[in-house]
Amino acid sequence: VDKRFIDECEKENLHLSGAIQPHGALLVIEEGARISHFSANIDHFLLPDTMASLAGKIPPELMEMLAGLGKQIGSRLQFESALTGRDGQLDVVLSRNSNGQITVELTCCRNEETLSRAFTQGVVLPVSSGEVELQRQVLIEKVCTLTGFQRVMYYRFLEDGDGDVLAEIRQEGVSGSYLGLRFPASDIPQIARTLYQQNPWRLIPDASAKAVPVIGGDTAAPDLSYSDLRSVSPVHAVYLANMGVGASLSFPIVVGGQLWGLIACHNATPRELGLGKLTQASQEVRSHTLGLATYFAQRRIRLVDGLMHRFGEAREIVHGAGDIVAAWPKLGEWLAAEFGVDGVQLCLDEGYVDWGEGFEPEALSSMDDWFVRQQSDPVWLSDSLLRQLPDCPLSRVAGVLAVKAKTIDGQMLRIYLTRHEHIHDVAWGGNPDKPVECHDGLLGIAPRRSFEKWVEKRLGRCRPWASEARLLGLKLRELLMQLGRND
Ligand code: BLA
């Protein structure tokens, strides 16, 4: 992968910040029910009596909650209105961190009226891409209604880590739109992405609030990976300020174990939400995700079934002709249509045949040499040879899907399916190359200041390969492997 992430951003250990956001309080409890850490604001949340008893032992009502928590890292339990605090009832979230400690998060119970059960329809399975699109819109509308945030976006990650805003809804009077804009991978470092996968949401009710230190005896900062109160990264606080965002809330969309997208909510002014609403919104996102994952799985099954049939045609072309070279150019034409490419080249040890406009001879020999000798993966694809294989001679080919296979009689065949350059515009949410300007000397790196639409003319790339291109390549490989002299 080319450098989509900025090294410096990857160095910040977000989970070891040793501080929390001030809208809640935190206790860290060790083995033996001993409190190892507490946030400096704990006495603003707990009653003086409870505080006094903390010195001795953990109050029985909290003890009871703790007993139910699983031993596994990341185990989580939440209780609404479960403790009486200084200013009313408190919501409690327990989670097991990587050191086996329990983090206890206390926030004010807001007694919000949650929307009726009828609001949640559970999982509705989309059966077409049109329905997927519709469900996206329905989801962000629900999240907007539930959370009251002024702007809700459906954000999808691309292969290289950048992301697109696929859908957006704004409350009346909210100006400016991010719809259709792309944001660079480096806006959300890998470390933040991992934390996303481990938590149901990330709430930053006041991006400018001063963090509260977490105090502990002599032990190091506790692991706050599973604690949503975790203080906000200073770089991200600047980012939100530059965007004019006072409060941010986001939910991960995890498909097949991968962070596939997220729901991002903005409010210009600070906005806090209680556990009940956060949970309900997160369930909406999960129902949606489940439907989406099932849709992808079904589409893949249909594709695999269809491939058997489609590749049957190619097999017949080869059988009819006698062997793969004799099947040319008919087979070349079939492959070009099936893969949507401008050129197809088949290399054998003794030479090559081609169809359409593929690599020029010099570029082909360089590509072939690299693919045969240095690439261990038998199916390899690239949108931009210029970036991924800079040593390859300049060519009219911008991107390739390369497949190699040993036939039954021991021949190594290579097929190159190639696409020309496709010059196109990408509209970014601000110039993505701008984050490196120093802010105030405190931060090594600072986010860009402007998120105004900024158009990049993309050169040196082909039309992107579809998500199933690799699967198609593997199927082609299988076909080649079954060929022998007698075909
Ligand atoms: C975190 N960056 C985030 C998060 C989002 C984004 C959603 C998760 C926290 C949150 O929900 O606020 C980015 N927000 C977006 C994007 C959109 C949006 C793309 O609304 C599009 C509409 N950020 C930078 C640079 C660095 C950086 C250069 O721009 C690196 C130094 C870091 N982003 C950064 C960090 C976090 C973050 C450290 C984690 C913040 C935290 O959880 O405390």
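Note on numbering: residues in each chain are counted from 1, in written sequence order. Two thresholds apply to this predicted model, a pLDDT of at least 70 for residue-level local features and 80 or more for giving and counting side-chain atom pairs, whereas whole-chain, interface and lining totals are computed over all residues. Water and hydrogen atoms play no part in the side-chain values, which are based on all heavy atoms of the structure.

Draft legend 1. Focus on helix H4 (residues 129-147). Each helix is a run of H or I in the DSSP string that is no shorter than four residues. Each strand is a run of E no shorter than two, and both are numbered from the N terminus. How far a helix is expected to stretch is found by multiplying one less than its residue total by 1.5 Å. Compared with an ideal rise of 1.5 Å per residue, which puts 19 residues at 27 Å, H4 spans 27 Å between its outermost C-alpha atoms and is within 8% of the ideal. Think of it in three bands: residues with accessible area under 20% of the maximum for their type are buried, residues over 50% are exposed, and the middle band is partly exposed, with areas taken using a 1.4 Å probe on protein chains only. Listed as buried for H4 are Val-132, Gln-135, Arg-136, Leu-139, Ile-140, Lys-142, Val-143, Cys-144, Leu-146 and Thr-147. Structurally, H4 contributes buried residues whose contacts are with strand E7 (151-157), strand E8 (163-170), strand E12 (247-255), strand E13 (258-267) and helix H7 (275-321). Two residues qualify as a contact provided that any one of their heavy atoms is within 4.5 Å of a heavy atom in the partner residue.

Draft legend 2. A look at the packing of aromatic side chains. Working definition: a ring pair exists when centres of Phe, Tyr or Trp rings (six-membered ring for Trp) sit within 6.5 Å. Plane angles under 30 degrees give stacked, over 60 give edge-to-face, the rest tilted. By the definition in use, this model includes eleven aromatic pairs. Between the aromatic rings of Tyr-154 and Trp-260, the centroid separation amounts to 6.5 Å while the plane-to-plane angle is 80°, which identifies the pairing as edge-to-face. Of the two residues, Tyr-154 sits in strand E7 while Trp-260 sits in strand E13, which places them 106 residues apart along the sequence. For the pair formed by Tyr-154 and Trp-260, the shared burial category is buried.

Draft legend 3. Structural context of the side chain of His-266. Turning to its location among the elements, His-266 is positioned in strand E13. Using a relative accessible area of 10% as the deciding quantity, one classes His-266 as buried. If we skip the residues at most four places from it in the chain, His-266 touches Phe-149, Gln-150, Arg-151, Met-153, Tyr-178, Met-243, Val-245 and Ala-247.

Draft legend 4. View of the site of the ligand. Within the structure, the ligand sits among 28 residues, and Cys-9, His-236, Ser-248, Ser-250 and His-266 are positioned closest to it. Separating a nitrogen atom of the ligand from a backbone N or O atom of Asp-187 is a distance of 2.9 Å. Here a polar contact means two N or O atoms within 3.5 Å. Within protein one must be a hydrogen donor candidate and the other an acceptor candidate, and residues neighboring in sequence count only if both atoms are side-chain atoms. Arg-230 places a side-chain nitrogen or oxygen 3.2 Å from an oxygen atom of the ligand. For the ligand, whose accessible area on its own is 880 Å², the fraction buried by protein is 98%. A single heavy atom is enough: if one lies within 4 Å of a molecule or strand, its residue is considered near that molecule or strand. The Shrake-Rupley method, run with a 1.4 Å probe sphere, supplies the accessible areas, and residue values consider only the shown protein chains as cover.

Draft legend 5. How the structure looks around the pairing of strand E11 (residues 212-216). Think of it this way: DSSP has to see at least two bridges between two strands before they count as a pair. Sheet analysis places strand E1 (residues 19-20) next to E11, joined by two bridges and oriented antiparallel. Residue pairing across strands places Ala-19 opposite Pro-213, the latter belonging to E11. Direction of pairing for strand E3 (residues 34-39) relative to E11: antiparallel, over a ladder of three bridges. Bridge pairing links Phe-38 to Ile-215 in E11.

Draft legend 6. Examining helix H11 (residues 469-481) more closely. Its 13 residues give H11 an end-to-end C-alpha distance of 18 Å, which sits within 8% of 18 Å, the value for a rise of 1.5 Å per residue. Every buried residue belonging to H11 is among Ala-469, Leu-471, Leu-472, Gly-473, Lys-475, Leu-476, Leu-479 and Leu-480, and all of these are buried. Those residues of H11 that are buried are in contact with H7, helix H8 (330-339), strand E16 (379-382), strand E17 (397-406) and strand E18 (412-420).

Draft legend 7. Region of interest: the packing of H7 against H11. The convention used is that axes are lines fitted to C-alpha atoms, helices contributing only their stretch in contact, and that angles between N-to-C directions extend from 0 to 180 degrees. At a minimum axis distance of 11 Å, the contact between H7 and H11 shows a crossing angle of 40°. When the axes of H7 and H11 are compared, the pair comes out oblique. Taken as a pair, H7 and H11 cross one another with a handedness that is right-handed. For the pair H7 and H11, contact is made by Arg-300, Leu-303, Val-304, Leu-307, Met-308, Arg-310, Phe-311, Ala-314 and Arg-315 and by Leu-471, Leu-472, Lys-475, Leu-476 and Leu-479, respectively. Across the contact of H7 with H11, the residue classes tally to ten nonpolar, no polar and four charged. Any angle between 65 and 115 degrees counts as roughly perpendicular, while under 35 counts as roughly parallel, over 145 as roughly antiparallel, and the rest as oblique. If you view the pair so one helix is near and one far, a crossing is left-handed when the near helix is turned anticlockwise from the far one by less than a right angle, and right-handed when it is turned clockwise. Here the nonpolar group is Ala, Val, Leu, Ile, Met, Phe, Trp, Tyr, Cys and Pro; Asp, Glu, Lys and Arg are the charged ones; every other residue, Gly included, is treated as polar.

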